[in-house]
Protein chains: 2
Amino acid sequence: MAEKRNLEVCFSPSLLHLYDTKDKVVVIIDIFRATSTITAALANGAEKVIPVASVEECIALGKQYTGSITAGERNGRVAPGLQYGNSPLEYPIDFIKGKTLNLTTTNGTRLLHMVKDADKIIIGSFLNLSAVCSYLVAQGKDVLLGCASWKDRPNMEDNLFAGAVVSKVKDHFEISCDSAHIALSMYENALTKESLLEYLKVGSHYHRLAGYGLIKDLEYCTTVDLHPVVPVLKDGALTNNK
Amino acid sequence: MAEKRNLEVCFSPSLLHLYDTKDKVVVIIDIFRATSTITAALANGAEKVIPVASVEECIALGKQYTGSITAGERNGRVAPGLQYGNSPLEYPIDFIKGKTLNLTTTNGTRLLHMVKDADKIIIGSFLNLSAVCSYLVAQGKDVLLGCASWKDRPNMEDNLFAGAVVSKVKDHFEISCDSAHIALSMYENALTKESLLEYLKVGSHYHRLAGYGLIKDLEYCTTVDLHPVVPVLKDGALTNNK
């Protein structure tokens, strides 16, 4: 029997330097809401999603590719100069199908660009949980689950998703990373509550987004397996793994 | 009724820059084994414990203060030039009473020296869990629970202790820090297991120390409320809070 591959979890971009990403599959996790929005847009037929770091870069890309959409928020509002926001609900199939989405977000995009030497960079969210897990098992590579966090502070929802992945794939991987076990404990604890969202209600991000009136977004982003796609980064763009 | 004070948890020295420690009570947590050893030594009558960063500094202090003890390990063995190790079991009352312990450790000492502007720096371990909690409630200050971690990677045992503290004091503090809720979830999950040590058996530090034959240390360090003391840092030395 082949030796099991390692799976590790990184709670924050501030801890990324402690992990070797070379030749690994790195899963970028930003549940509220970047990676949920990317998953939804691609599942609904977007041709590709181009994750960019700054609003300026996003505007420039929008001008460069006619017909492409610019999107991104700062502090819960569409950033000045961009067309759309960072809500997965803004990208239904009849709107996004065939389009390119240029997206800038505060935390998720930043982490994605920090990972330099991975074998693959993919996008994880509750919306594509099982698809991501199947992909990880099939690749046969070491895995790093990277939580985008909130301004470098570990957050509940990203770690919870990491725990959900660990829970589903743990028989297929060697897990000697304490952060993975911590995330798994969280997830097991969350399963004793009424729902994942109910569990996350004490979290700072829940409060922030609920304060912006985005409860429907929060509900959507904690819906499990709505979209069985795996967004993979290639040449700077995210597309569905075929 | 007075407004509640804030309580936050920092999972790693690499994240400490994200937290304001000014005028707070900071609890240093290094369960396996620095803060357990400090708690045990002071509870058993040590006059004081002087935490130092390097082996060289420790040796120098030992020469400076006749009759003081030098102690510290590197990779599970007494470091060359020092007299004793980092096991709490090495410091029973008939040996340590009245003595000064100069102690150097890899992670706990380092975090302690990184905190510069706190109102108080105290030492937390399962051995003095309830005493620490009572102290925190009585102080009426904001609190940061600082996990020493293992070479900056979050570890299970330090976070678990943070969760135990959160569990005990949460009605007395405002807790809007996600890491505190993550730690609390871990602790609640651990309570469903046979024992805290049983829960920690998947952790990397358990494996490392068990590999050095230190199971008795691990058992001791997860014994709750054996020593009702609160070690407080003052002028570079730790003594029991009177």
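Use the structure listed above.
Keep in mind that what you see is a predicted model, and the values were worked out from it rather than measured.

Participant: How would you summarise the overall build of chain A if you had to cite specific residues and measurements?
Facilitator: Within chain A, the secondary structure is distributed over 10 helices and 11 strands. The C-alpha radius of gyration computed for chain A amounts to 17 Å, which stays within 12% of the reference 18 Å derived for 242 residues, consistent with globular compactness. Overall, chain A is about 50 × 35 × 30 Å in size when its C-alpha atoms are taken along their principal axes. Of all 242 residues assigned to chain A, the portion counted as buried reaches 56%.

Participant: So what's going on with the relation of the copies chain A and chain B? Residues and values would help.
Facilitator: By a simple turn and slide, chain A fits onto chain B: the slide is 0.0 Å along the axis, the RMSD is 0.0 Å, and the turn is 180°. This pairing of chains is accounted for by a two-fold axis. An overlap of 100% is found between the interface residues of chain A and their copies at the interface of chain B, pointing to a shared contact surface.

Participant: So what's going on with the interface of chain A and chain B? Which residues, and what values?
Facilitator: Interface size is commonly expressed as the accessible area that is lost once the parts come together. In this assembly, 23 residues from chain A lie in contact with 23 residues from chain B. Mapped onto the side of chain A that touches chain B, the elements with two or more residues apiece are α6 (156–169) and α7 (178–190) of chain A. In terms of residue count, the dominant contributor to the side of chain A that touches chain B is α7(A) (8 residues). Residues belonging to the side of chain A that touches chain B are distributed by class as follows: 8 nonpolar, 11 polar and 4 charged.

Participant: Please set out α7(A) residue by residue, giving values where relevant.
Facilitator: Its 13 residues place the ends of α7(A) 18 Å apart at the C-alpha level, agreeing with the 18 Å of an ideal helix rising 1.5 Å per residue. For α7(A), the buried fraction is high: 12 of the 13 residues fall into the buried class. Taken together, the buried residues of α7(A) touch β1 (5–10), α6 and α8 (196–200) of chain A together with α6 (156–169), α7 (178–190) and α9 (204–211) of chain B.

Participant: Can you explain α6(B)? Please cite residues and give values.
Facilitator: Residue and element names in this part refer to chain B. In this model α6 runs 20 Å from its N-terminal to its C-terminal C-alpha over 14 residues, within 8% of the 20 Å that 1.5 Å per residue would give. Most of α6 is tucked away, with 11 of its 14 residues classed as buried. Those residues of α6 lying buried are M156, E157, D158, N159, L160, F161, A162, G163, A164, V165 and V166.

Participant: Explain the packing of helix α5 (residues 129–139) of chain A against α6(A) to me, using residue names and the numbers behind them.
Facilitator: Residues and elements named next belong to chain A. As a packed pair, α5 and α6 sit with axes 10 Å apart at the nearest point and diverge in direction by 55°. Judged by the angle between their axes, α5 and α6 are oblique. Here α5 runs over α6; the crossing is right-handed. Contacts between α5 and α6 involve L129, V132, C133, L136 and V137 on the former and, on the latter, A164, V165, K168 and V169. Residues belonging to the contact of α5 with α6 are distributed by class as follows: 8 nonpolar, no polar and 1 charged.

What counts as what
- Residues numbered from 1 in each chain as written.
- Chains lettered and ligands numbered in written order.
- Predicted model: local features only at pLDDT ≥ 70, side-chain atom pairs only at ≥ 80, totals over all residues.
- Helix = DSSP H or I, 4+ residues; strand = E, 2+ residues; numbered from the N terminus.
- Rg over C-alpha atoms; globule rule 2.2 N^0.38 Å.
- Buried ≥ 20, exposed ≤ 12 C-beta atoms within 10 Å, placed from the backbone.
- Least-squares fit on C-alpha atoms with pLDDT ≥ 70 in both.
- Contact = placed C-beta atoms within 7 Å.
- Nonpolar A, V, L, I, M, F, W, Y, C, P; charged D, E, K, R; others polar.
- Expected span 1.5 Å × (residues − 1).
- Axes fitted to C-alpha atoms, helices over the stretch in contact; angles between N-to-C directions.
- Parallel < 35°, antiparallel > 145°, perpendicular 65-115°, else oblique.
- Left-handed = near helix turned anticlockwise from the far one by under 90°.

In short, geometric facts, not functional conclusions.
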